[in-house]
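For reference, the chains in residue letters:
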Amino acid sequence: MPIARFWGSIDARFDRIAIGVSGLCLVHCLTTTILLTVISSAGGLLSPVIHEVGLTLAIAFGVIALGRGIFAHGYMMPAVVGAFGLGIMAGALSLPHGEFEIFWTLVGVSLVALGHDLNRRATY
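Please read all numbers here as calculations on a predicted model, not as lab measurements.

Reading the values: rules and limits
- Residues numbered from 1 in each chain as written.
- Predicted model: local features only at pLDDT ≥ 70, side-chain atom pairs only at ≥ 80, totals over all residues.
- Heavy atoms only, no water.
- Helix = DSSP H or I, 4+ residues; strand = E, 2+ residues; numbered from the N terminus.
- Buried < 20%, exposed > 50% of the residue type's maximum accessible area, 1.4 Å probe, protein only.
- Contact = heavy atoms within 4.5 Å.
- Areas by Shrake-Rupley, 256 points an atom, 1.4 Å probe, with all protein chains shown as cover.
- Phe/Tyr/Trp six-rings, centres within 6.5 Å; stacked < 30°, edge-to-face > 60°.
- Salt bridge = Lys/Arg side-chain N within 4 Å of Asp/Glu carboxyl O.
- Core = buried A, V, L, I, M, F, W, Y, C linked by side-chain atoms within 4.5 Å.
- Expected span 1.5 Å × (residues − 1).

Colleague: Account for the overall build of the protein chain, with residues named and values stated.
Modeller: Of regular secondary structure, the protein chain possesses 4 helices and 0 strands. Its helices and strands in sequence order give the protein chain the pattern α-α-α-α, from N to C terminus. Looking at the protein chain residue by residue over its 124 residues, the buried ones come to 32%. A separation threshold of at least 6 residues defines the contact pool for the protein chain, and within that pool the share at least 24 residues apart is 71%. Accessible surface, the protein chain as shown: approximately 7400 Å² in total, 76% of it carbon and sulfur.

Colleague: Tell me about the packing of aromatic side chains, residues and numbers included.
Modeller: The full count for this structure, using the stated rule, is 1 aromatic pair. With 5.0 Å between their ring centres and 75 degrees between their planes, Phe103 and Trp104 make a pair best called edge-to-face. Residue Trp104 is classed as partly exposed on the basis of its relative accessible area of 38%.

Colleague: Talk me through the pattern of salt bridges; I want residue IDs and the actual numbers.
Modeller: Within the structure shown, the criterion is met by 2 salt bridges. A salt bridge links Asp117 to Arg120, with the shortest nitrogen-to-oxygen separation between them at 2.7 Å. With Asp117 and Arg120 both in helix α4 (residues 99–123) and 3 residues apart, this pair spans about one turn of that helix. Overall, Arg120 belongs to the partly exposed group, its relative accessible area being 26%. When its relative accessible area of 17% is taken as the criterion, Asp117 is described as buried.

Colleague: Can you break down the nonpolar core residue by residue, with the values?
Modeller: Counting residues in each nonpolar core, the largest one holds 6 residues, listed as Leu55, Ala58, Leu86, Met89, Val109 and Val112. Among all residues touching Val112, those that are not within four sequence positions of it are Ser22, Gly82, Gly85, Leu86 and Met89.

Colleague: Which residues make up helix α3 (residues 77–93), and what values do they have?
Modeller: Taking 1.5 Å per residue, 17 residues should reach 24 Å; α3 reaches 25 Å between its end C-alpha atoms and fits that length. Looking at α3, one finds that the buried residues are Pro78, Ala79, Val81, Gly82, Gly85, Leu86, Ile88, Met89 and Ala92.

Dropping the structure here:
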């Protein structure tokens, strides 16, 4: 039983961290949009590396937290919602910087956060 308790606490932490990272991504996207509106350039915030690293982190947290959730509670829906959001985020990376990229990134991030919240609720 100690191993199950350990994985239960790990799952909860990863979902909470992943929701927090999703929130940071939303703040980044909105801040960049506002900065681009106010100033003509936001400098390093538009670097593709930031977006690629962010997507890599999101995928890693998704695989760990949502994957463990499937084994812990047996529900696929949180992982499906999260994976759909990750797919939308990945697709948004292929779009040029602008309104559509920001819109689809926000949609994807929101779905990933929803998937982690569903996973967290299903676990407890």
